[in-house]
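# Summary of the model geometry
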Amino acid sequence: MFDILCFTVYQIYLMSNLFYDSTSIIYVILKFLVGLVLFFYGLEKTSTALNRIFGNTIRKLLASDSQNKIKSVLAGFLMSFVVFSSNTINIVLVSFVQAGLMKLIQAIGFILGLGIGSILIIQLVSFKFTITAFFLIITGFSFRLFFSRDVFVQFGMAILNIGLVFLGIMLMDKALNNLCELENINLFFASIKHPLIAIFIALVFTTLIQSSLALVSLVLVFSMQALLSLETSIYMIIGANIGNSIIAFLASIGFSRKAKRIVLSQVIIYVLSGFFIIILLPYLILLIEFIGSYFNFSLTRNIANAYTIISILVLVLFFPFIKSVGLLVTKFIPKKADEKSTLPSTWHIDSDLVVMPIAALDTARVEIVRMAKILGRMMDASIIPFTQSEVPKDEIYPQLSIIQGLDMREDKLDYLEKEVVQYLMQIGQNGIDEKLMKEVIGLTSIVNDLESIGDIIHLNIVPLIAKKEFLKPEFSIDERDKMLELHQLISKRIHLIERAISNKDREKCTGLMLNELGGMKGVLNDNFIRIAEEDIETIRIGQIYMELIDLFKRMGVYADNISKILIVST
């Protein structure tokens, strides 16, 4: 859709050549709009290409269990090169914290790293890339044309689209050169010199365009024609940073208290640092102007240097106090047990996250782990009516009976299967590489198999529970022991599956699965032989017993299928 919009704007611009001369105000405005479109288009496509190159590295850093502050800052640093949208970055942050893939301490370090990573991009934008823009476009296209390996192709696409970003800046600069002749334009920019007005405008525009990096880049473009002063630009940088908090707030709507701590963390970091910078502003301007006069920098370069100094100041101010900020945020938004709901719902997946497939797959994994936990509880509850004369209520929802709890969890599994499979299909349609597509296919198969085990419990074992309630004879001690043995084998396998999907001790879990693969079938066959040799006193209770053994066997087949997928993908 965005590609079509960009193409349409460019066609309108070309057609304007037929009706307007190069000095026409309409032609100049269209030139600025085309430059703006090329700028945003280049940012989006560069993000897509870099995500495919560095996405897996960032994934490992983000999903690390360690609360190493340097590692989390590094992850934010790398993310700033891969994703230029504040909205997307905040969605990743909120989703990962919500899913438990990232601790609050990591998220705060990640936020600080984003500002440092943006320095290089802003510094590059501050140069006028007239000839360089075309050189980058040609170089990137050559990579795309002459290399077949995906990493080189994506690297070429990143270079090409960076060239489009700089080409967009060049067009906007030239258009503004003509617009500066209009008195109204100069009056408008003169009216935003007041600090509060500058901060407010930057905050609103950052929220609207969903990118503080893009807003600061536009500030640099305006400064190329001296439309913004150094002081006003610094206020707008402060407003852009605070705008990130608004974007984070919008991204956290509907999420848990964990996610809302991200918003408060950003507010604390950006608002406090903003006040600190305003207090130091006279000295900051003197420092920047001194450096600028010494190296003969332009106003645009001075603003880029101001952004660099501000970003470093924010890191220096808050890096030693990352844990303190985390404790303060947790105090304001304390831990609170989530209300237990019997209604089916997704907790972690977010359709907005599919623009970053690697991160989206991680949240899908967490939702699948939740499916495995629900299935594990179904397994634990399903055996109780066959081994205890007095059946207790549901362990987590005491207002429900065992049967009602099984029905409720089956509804959840059915709902989650539909939602997670649909989510995985969205990820698969986002132009991912072959490796990620295999992961999508594998996870889809795991989801289907987990739900199939749940169906066996709901459609087959639950009716057997009803049958047994009308029978007076109980299972013999030997039969009861055999049922428990098989049940424990299935439960153990589901527990290993849950840990392997969540990447906790994955190699250890898959190693255990590999050792036990096929063992289930041998145990089941052995039980059949022993049953055939025994004299069952009550035929009807014996039939229930035989049916249970057969159902355990069917569950074992699905569990083995999941194990094979996880072993291959390790």
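The residue numbering used here restarts from 1 in each chain and proceeds along that chain's sequence as written. Predicted model: local features are reported for residues with pLDDT of at least 70 only, side-chain atom pairs are reported and counted for 80 or more only, and whole-chain, interface and lining totals are derived from all residues. Calculation of side-chain values draws on the structure's entire complement of heavy atoms; hydrogens and water are dropped beforehand.

### Observations regarding the overall build of the chain
Put simply, the test is: Secondary structure elements follow DSSP: runs of H or I no shorter than four residues count as helices, runs of E no shorter than two count as strands, and numbering proceeds from the N terminus. Each residue is assigned to one of three classes by its accessible area relative to the maximum for its type, calculated with a 1.4 Å probe on protein chains only: buried under 20%, partly exposed between the two thresholds, exposed over 50%. When checking whether two residues touch, look at their non-hydrogen atoms; a contact exists if any pair is within 4.5 Å.
Scanning the chain from N- to C-terminus turns up 22 helices and zero strands. Classification of the 570 residues of the chain by burial places 52% in the buried group. Nonlocal contacts in the chain, meaning residues at least 24 apart in sequence, comprise 81% of its contacts between residues at least 6 apart.

### Describing the packing of helix 15 (residues 357-382) against helix 19 (residues 477-501)
Note the cut-off: Each axis is a line fitted through C-alpha atoms, taken for helices only over the stretch in contact, and angles between the N-to-C directions span 0 to 180 degrees. Any angle between 65 and 115 degrees counts as roughly perpendicular, while under 35 counts as roughly parallel, over 145 as roughly antiparallel, and the rest as oblique. Crossing handedness is read from the near helix: turned anticlockwise from the far helix by less than a right angle, it gives a left-handed crossing, and turned clockwise, a right-handed one.
The N-to-C vectors of helix 15 and helix 19 enclose an angle of 165 degrees; their axes lie 9 Å apart at closest approach. Comparing the axis directions of helix 15 and helix 19 gives the class roughly antiparallel. Classified by chirality, the crossing of helix 19 by helix 15 is left-handed. Across the interface between the two elements, Arg 365, Ile 368, Val 369, Ala 372, Lys 373, Leu 375, Gly 376, Met 379, Asp 380 and Ser 382 of helix 15 pack against His 487, Ile 490, Ser 491, Ile 494, Glu 498, Ala 500 and Ile 501 of helix 19.

### Here we look at helix 3 (residues 69-82)
The α-helix advances 3.6 residues per turn, and as a result positions three or four apart in sequence lie on the same side. Under the convention used in this document: Expected helix span is taken as 1.5 Å per residue step, with the number of steps being one fewer than the number of residues.
When the terminal C-alpha atoms of helix 3 are compared, their 20 Å separation across 14 residues agrees well with the 20 Å that a helix rising 1.5 Å per residue should span. Turning to helix 3, its buried residues are Ser 72, Val 73, Ala 75, Gly 76, Met 79, Ser 80 and Val 82.

### A short note on the environment of Glu 410
One can find Glu 410 in helix 17 (residues 402-428). Each C-alpha atom, one on Glu 410 and one on Ile 374, is 8.6 Å from the other, the two residues being 36 residues apart in sequence. Excluding its chain neighbours within four sequence positions, the residues that come into contact with Glu 410 are Met 378, Glu 451, Gly 454, Asp 455 and His 458.

### What about the nonpolar core?
Note the cut-off: Residues belong to one nonpolar core when they are buried, are Ala, Val, Leu, Ile, Met, Phe, Trp, Tyr or Cys, and are joined through side-chain atoms within 4.5 Å.
Core analysis: the largest hydrophobic core is formed by 166 residues, its most contacted members being Ile 169, Ile 234, Ile 427 and Met 555. Sort the elements by how many residues they give to this core and helix 15 lands first, with 15 residues.

### Re the confidence of the model for the chain
Quick reminder of the rule: A score from 0 to 100, pLDDT tells how confident the predictor is in each residue.
For the chain, per-residue confidence averages 79 on the pLDDT scale, and residues scoring 70 or more make up 81% of the total. Per-element confidence in the chain is highest for helix 13 (residues 299-318), whose mean pLDDT is 93, and lowest for helix 21 (residues 519-533), whose mean pLDDT is 50. Here residues 528-537 is modelled with pLDDT under 50, and outside its nearest four sequence neighbours on either side it reaches twelve contacts, counting other chains as well.

### Re empty space enclosed by the protein
Selection criterion: Cavity means a closed set of points on a 1 Å grid over the protein atoms alone, one where a 1.4 Å probe fits but cannot get out, pocket means an open set with protein on both sides within 12 Å along at least 5 of 7 lines, and lining means a residue has an atom within 4 Å of a point. Grid points are joined across faces, edges and corners, and a volume is the space filled by probe spheres set on the points. Side-chain classes follow a simple rule in which Ala, Val, Leu, Ile, Met, Phe, Trp, Tyr, Cys and Pro form the nonpolar group, Asp, Glu, Lys and Arg form the charged group, and the remainder, Gly included, forms the polar group.
Applying the stated criterion across every chain, the model contains three cavities of 30 Å³ or more. Its volume calculated, the largest cavity comes out at about 320 Å³. Elements represented by at least two residues in the lining of the largest cavity include exactly helix 4 (86-99), helix 5 (104-125), helix 10 (212-223), helix 11 (230-252), helix 12 (257-295) and helix 13. Per-element accounting of the lining of the largest cavity gives the leading share, six residues, to helix 5. Partitioning the lining of the largest cavity into residue classes produces 13 nonpolar, eleven polar and no charged.

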